[in-house]
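Here are the chains, one letter per residue:
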Amino acid sequence: MQLTDQQIEKFEQDGYLFFPNAFSTEEVGVLKQAALDVYALQREEVWREKTGVARTAFAAHTYNDAFRRLGAHPRLIEPVMRLLDGPVYMHQYKVNAKAAFDGDVWQWHQDYGTWARDDLMPEPRAMNIAVFLDDVTAANGPLLFIPGSHKQGVVEAGHDLETTSYPLWTLDRETVTRLYDQGGCVAPTGDAGSMLMFSSLLVHASPPNISPMDRTIVYLSLCHVDNHIRQFKRPEWVAHRDFNPIEPLADDTLLELVA
Ligand code: SIN
Ligand code: MN
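What counts and how
- Residues numbered from 1 in each chain as written.
- Chains lettered and ligands numbered in written order.
- Predicted model: local features only at pLDDT ≥ 70, side-chain atom pairs only at ≥ 80, totals over all residues.
- Heavy atoms only, no water.
- Near = heavy atom within 4 Å.
- Polar contact = N/O pair within 3.5 Å; in protein donor to acceptor, adjacent residues only side chain to side chain.
- Helix = DSSP H or I, 4+ residues; strand = E, 2+ residues; numbered from the N terminus.
- Nonpolar A, V, L, I, M, F, W, Y, C, P; charged D, E, K, R; others polar.
- Donors = N, O, S within 2.8 Å, 3.2 Å for Na, K, Ca; no water.
- Buried < 20%, exposed > 50% of the residue type's maximum accessible area, 1.4 Å probe, protein only.
- Pairing = 2+ DSSP bridges.
- Axes fitted to C-alpha atoms, helices over the stretch in contact; angles between N-to-C directions.
- Contact = heavy atoms within 4.5 Å.

## Side note on the site of ligand 1
Contacts to ligand 1 come from Lys94, Asn96, Trp106, His109, Leu143, His204, Ser206, Arg215 and Tyr219. For ligand 1, an oxygen atom lies 3.0 Å from a polar atom in the side chain of His109. Separating an oxygen atom of ligand 1 from a side-chain N or O atom of Ser206 is a distance of 2.6 Å. Broken down by secondary-structure element, the contributors of at least two residues to the shell around ligand 1 are β4 (88-96), β5 (106-109) and β11 (204-206). Among the residues making up the shell around ligand 1, the classes are represented as 3 nonpolar, 4 polar and 2 charged.

## Quick word on the coordination of the manganese ion (ligand 2)
For the manganese ion (ligand 2), the full set of protein donor atoms is His109 (NE2), Asp111 (OD) and His204 (NE2), and the range of their distances to it is 2.1 to 2.2 Å. Donor residues for the manganese ion (ligand 2), ordered by position in the chain, follow H-x1-D-x92-H. Of the two residues, His109 sits in strand β5 while His204 sits in strand β11, which places them 95 residues apart along the sequence. Residue class for His109 comes out buried when judged on its relative accessible area of 3%.

## Points about the sheet that holds strand β2 (residues 46-48)
Within the open sheet, the 7 strands sit side by side as β1-β10-β6-β12-β4-β3-β2. Their pairing is antiparallel. Strands with a single pairing partner mark the edges of an open sheet, and in this sheet they are β1 (16-19) and β2. Across the sheet, the mean angle from the axis of one strand to that of its neighbour is 15°, orientation sign disregarded. As paired strands, strand β6 (residues 126-132) and strand β12 (residues 217-224) are joined by 7 bridges and run antiparallel to one another. By the bridge assignment, Val131 is partnered in β12 with Val218. Of the strands in this sheet, β1, β6 and β10 (195-199) touch helix α1 (residues 5-14), which is tilted by about 130° from β1.

Below is the structure:
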């Protein structure tokens, strides 16, 4: 998939790009089943909400074949290689459940804030690309973005070890208000199969999901190979240490798994 000049300009301006229905119903079916399979595993990579339901499955590309294929999918890897201008490796891989009724908040943060402070990633030459495995609506805890906030560089943050089961460097209310006054707030919503790419400096959050609908999203956090992390404080399955460039697979790779 080639990005147009207009899309690149829009990404630079807003810090994100949305691609509705990038994956077909068959492809989403394969991935949704894979998500249910990994959430059923008792593994240290599968983190639970305080209520016990799955919150996120880290590194699922290392123990599930469908997620392995998605981790090298050309529709995800190629546009990121274009924007980061070169080969990329997988810094982090998450399948976030945001389960019906129980899916908990993600506080306001920048991903690069955590990658810089915890992993010593030299520069924000990294980004997320996500695939919706459920329809994402206003009701089921969509991501919230502050457009343009990626232009602020790394903003001040505090280490939140208490709010949720996952430690995160989060922004205080004054900072979020200041950024909101400049950029406003959007919630990109869309059908299962839609794809969302966003800068590692973009300020984002998501509210709890109190609806009866799951909101599963897979995130690939890709980093330019020259910009690999320098500190190995977090587990390997949270901040990966395989800095080899990802070789994109064939575009129909997921269709080989359709039953
Ligand atoms: C994240 O910010 O890394 C995840 C947020 C979400 O899945 O809602
Ligand atoms: Mn994040």
